[in-house]
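Examining the three-dimensional arrangement
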Amino acid sequence: MTTSITTLLQALRIVPLSQAEKKAQQKTAAHKKALTDRLCEALPEISLDAVAHHDDYSDCWVVIYDRVYDVTTFLQDHPGGADVIMDYAGRDATLAFHGTGHSRDAIEQMRDYLIGELPQNERIFRATNSQVLKSGIPE
Ligand code: HEM
């Protein structure tokens with residue numbers, strides 16, 4: 001009982017934390033930060049020049065909304081067919097992608113193929129760098 005009252009008063013900052021409790025709190029904060037650092041990483045920057053080298057059925061990258069996707073393994077599974085994507089292989093496909101009116105499912109699927117983003121000076125849509133969770137979900 002006394003312990004829970006002390007804990008409550010400490011939480012309310014009415015009585016100060018003991019040295020050991022302060023240390024434990026700092027350790028938890030450091031652990032949380034380390035976890036967040038590990039969960040997030042910046043996307044590699046890939047220039048339009050570099051994207052242009054990947055314009056083949058066996059090696060196909062496209063740019064959609066300033067992000068770079070390696071869709072090589074997806075081409076044959078694409079519900080719209082491989083050829084519509086191949087028309088934009090190694091290039092920006094944003095307008096075509098947008099014009100098709102892809103579903104939310106399609107947009108979620110894109111993260112499986114995300115490999116990078118354009119450098120700041122080549123971007124049209126976004127000014128800031130993306131952070132991507134290790135699960136592949138862009139921020
Ligand atoms: C990573 C990139 C892409 C993904 C994950 C993707 C995914 C999909 C999916 C799931 C569909 C089925 C319909 C839907 O759910 O919206 C679809 C349809 C389609 N997509 Fe894509 N797509 C991608 C890129 C593109 C690009 C770059 C183009 C155009 C150049 C394109 C053109 C089409 C077309 C024409 C259809 C057929 C629409 C229809 O017949 O109703 N897609 N795509």
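Residues numbered from 1 in each chain as written. Predicted model: local features only at pLDDT ≥ 70, side-chain atom pairs only at ≥ 80, totals over all residues. Heavy atoms only, no water.

What to know about the overall build of the chain
We apply this condition: What counts as a helix is a DSSP run of H or I of at least four residues, what counts as a strand is a run of E of at least two, and both are numbered from the N terminus. Between two residues, a contact is recorded if the distance between any of their heavy atoms is within 4.5 Å. Computed by Shrake-Rupley with a 1.4 Å probe, the accessible areas treat only the displayed protein chains as cover when residues are assessed.
In terms of regular secondary structure, the chain is built from six helices and six strands. If you take every contact in the chain between residues at least 6 apart in sequence, the share linking residues at least 24 apart comes to 65%. Summing over all exposed atoms, the chain offers an accessible surface of approximately 9,500 Å²; the carbon and sulfur share of this is 58%.

Some words on the layout of surface pockets
What counts is decided by this rule: A pocket, in this scheme, is an open set of points on a 1 Å grid over the protein atoms alone with protein on both sides within 12 Å along at least 5 of 7 lines, while a cavity is a set where a 1.4 Å probe fits but cannot get out; residues line either one if an atom lies within 4 Å of a point. Grid points are joined across faces, edges and corners, and a volume is the space filled by probe spheres set on the points. Think of it as three bins: nonpolar holds Ala, Val, Leu, Ile, Met, Phe, Trp, Tyr, Cys and Pro, charged holds Asp, Glu, Lys and Arg, and polar takes everything else, Gly as well.
One number sums up the size of the largest pocket: a volume of about 420 Å³. Taken together, the elements giving at least two residues each to the lining of the largest pocket come down to β3 (59-64), α4 (82-86), α5 (94-100) and α6 (104-110). Counted by class, the lining of the largest pocket contains 15 nonpolar, five polar and no charged residues. Its volume calculated, the second largest pocket comes out at about 270 Å³. At the level of elements, β4 (67-70), α5 and α6 are the ones that each hand at least two residues to the lining of the second largest pocket. Here the lining of the second largest pocket gets three residues from one element, more than from any other, and that element is α6. The residue makeup of the lining of the second largest pocket, split by class, is seven nonpolar, three polar and three charged.

Comments concerning the side chain of D66
The criterion, for reference: Using a 1.4 Å probe on the protein chains alone, a residue whose accessible area is under 20% of its type maximum counts as buried, one over 50% counts as exposed, and one in between counts as partly exposed. Here a polar contact means two N or O atoms within 3.5 Å. Within protein one must be a hydrogen donor candidate and the other an acceptor candidate, and residues neighboring in sequence count only if both atoms are side-chain atoms.
You can see D66 is positioned in the loop between β3 and β4. You can call D66 buried: its relative accessible area is 0%. A distance of 3.0 Å separates a polar atom in the side chain of D66 from the backbone nitrogen of I124. One polar contact links the side chain of D66 to the main-chain amide nitrogen of F125, over a distance of 2.7 Å. In this view, D66 contacts E117, L118, R123, I124, F125 and R126; residues no more than four positions away in its chain are not counted.

What to know about the pattern of salt bridges
Basically, it comes down to this: Whenever a carboxyl oxygen of Asp or Glu lies within 4 Å of a side-chain nitrogen of Lys or Arg, that contact is scored as a salt bridge.
For the structure on display, the rule yields two salt bridges. Here R123 and E45 are joined by a salt bridge, their closest N and O atoms 3.7 Å apart. Placement of the pair is R123 in the loop between β5 (114-117) and β6 (131-133) and E45 in the loop between β1 (40-42) and α3 (48-52), with a sequence separation of 78 residues. Salt-bridge contacts for E117 lead to R123; the nearest nitrogen and oxygen are separated by 3.9 Å. Accessibility expressed as a relative area gives 11% for R123, which makes it buried. By sharing partners, the salt bridges in this structure join E45, E117 and R123 into a single network.

With respect to the site of the ligand
For clarity, the threshold we go by: Residue proximity to a molecule or strand is established when one non-hydrogen atom of the residue lies within 4 Å of it.
The environment of the ligand is formed by 17 residues, the closest being H78, V84, T100, H102 and S103. Separating a nitrogen atom of the ligand from a side-chain N or O atom of H78 is a distance of 2.8 Å. Between the ligand and S103 there is a distance of 2.5 Å, counted from an oxygen atom to a side-chain nitrogen or oxygen. At the level of elements, α4, α5 and α6 are the ones that each hand at least two residues to the shell around the ligand. Across the shell around the ligand, the residue classes break down as 11 nonpolar, six polar and no charged.

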